[in-house]
Amino acid sequence: MTVEQDLSPLVKTVTVPVGVDRAFEAFTAETSQWWPLFSHSVGEEAANEVRLEGAVGGRIVEYGAEGMLATWGTLSEWDPPASLSFSWHPGQDPAEAGQVTVTFTATGDGTEVKLVHAGWERRGDGGRARLSYDTGWDYVLGKYVEFAR
């Protein structure tokens, strides 16, 4: 008997106590300051920076002391400060990339940041990867919330 895999888009929402412009800037231009590279990167301890090249076609690249370690994805949408979308394949085959869309919406107490990670069906291990990312995105976005104040 096989268990049906959940390949539906993963949706995560957090609220940060800052305006939309600041929320977007912290997420995109200051990623290295909050992303937990030691545990959530290709190079782990060797990783010391991640840069998001802010334009359609720009890459998300992980760097270490010796230079580039990995490309995590490529921006397919860049609409500051409202949203961005990118392929997502850190350390994986780009042909199996997921698609991540992040939107920034003003609320009464700051900015709601909604992340939608889709495309699990492109991966051979899609169901297992989705399960891992379910807790992984919680941890990563928690670090973002701590930083974006």
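The structure reproduced in this document is the subject of the present report.

## Focus: the pairing of strand S6 (residues 98–107)
Two elements, strand S5 (residues 83–88) and S6, share six bridges in a ladder whose sense is antiparallel. Each bridged residue has a counterpart across the sheet, and for Ser85 the counterpart in S6 is Thr101. Two elements, S6 and strand S7 (residues 110–118), share nine bridges in a ladder whose sense is antiparallel. Bridged to Thr105 within S7 is Glu112.

## Here we look at the side chain of Thr28
One can find Thr28 in helix H1 (residues 20–28). Judged by relative accessible area, which is 7%, Thr28 ranks as buried.

## Considering helix H3 (residues 126–147)
Taking 1.5 Å of rise per residue, 22 residues should cover 32 Å, and H3 covers 30 Å from first to last C-alpha, within 8% of that figure. At Tyr133, H3 shows its maximal kink, close to 25 degrees. All of the buried residues in H3 are Gly126, Gly127, Ala129, Arg130, Tyr133, Gly136, Trp137, Val140, Leu141, Tyr144 and Val145. Structurally, H3 contributes buried residues whose contacts are with strand S1 (10–16), H1, helix H2 (31–34), S5, S6 and S7.

## What to know about the sheet that holds strand S3 (residues 59–64)
The strand order S1-S7-S6-S5-S4-S3-S2 describes an open sheet built from seven strands, whose pairing is antiparallel. Two strands close off the open sheet at either side, each with one partner strand: S1 and strand S2 (47–52). When strand polarity is set aside, the average angle formed by the axes of neighbouring strands in this sheet is 20 degrees. One ladder, built from five bridges, connects S2 with S3; its direction is antiparallel.

## Some details on the nonpolar core
With 36 residues, the main nonpolar core has Trp35, Leu84, Trp88, Val102, Phe104, Trp137 and Tyr144 as its most contacted residues. Secondary structure elements with two or more residues in this core: S1, H1, S2, strand S4 (67–79), S5, S6, S7 and H3. It is H3 that provides the largest number of residues to this core, a total of seven residues. The residues touching Trp88, leaving out its near neighbours within four places in the chain, are Trp35, Ile60, Trp72, Ala97, Gly98, Val100, His117, Tyr133 and Trp137.

## Quick word on the packing of H1 against H3
At a minimum axis separation of 10 Å, H1 and H3 run at an interaxial angle of 125 degrees. Taken together, H1 and H3 sit at an angle that is classed as oblique. The handedness of the crossing between H1 and H3 is right-handed. Facing Arg22, Ala23, Ala26 and Phe27 of H1, the residues of H3 in contact are Leu141, Tyr144 and Phe147.

Conventions and cut-offs
Residues numbered from 1 in each chain as written. Predicted model: local features only at pLDDT ≥ 70, side-chain atom pairs only at ≥ 80, totals over all residues. Heavy atoms only, no water. Pairing = 2+ DSSP bridges. Helix = DSSP H or I, 4+ residues; strand = E, 2+ residues; numbered from the N terminus. Buried < 20%, exposed > 50% of the residue type's maximum accessible area, 1.4 Å probe, protein only. Expected span 1.5 Å × (residues − 1). Bend = angle between axes of the 7 residues up to and from the residue. Contact = heavy atoms within 4.5 Å. Axes fitted to C-alpha atoms, helices over the stretch in contact; angles between N-to-C directions. Core = buried A, V, L, I, M, F, W, Y, C linked by side-chain atoms within 4.5 Å. Parallel < 35°, antiparallel > 145°, perpendicular 65-115°, else oblique. Left-handed = near helix turned anticlockwise from the far one by under 90°.

Read these as layout, nothing more, since geometry by itself doesn't imply function.
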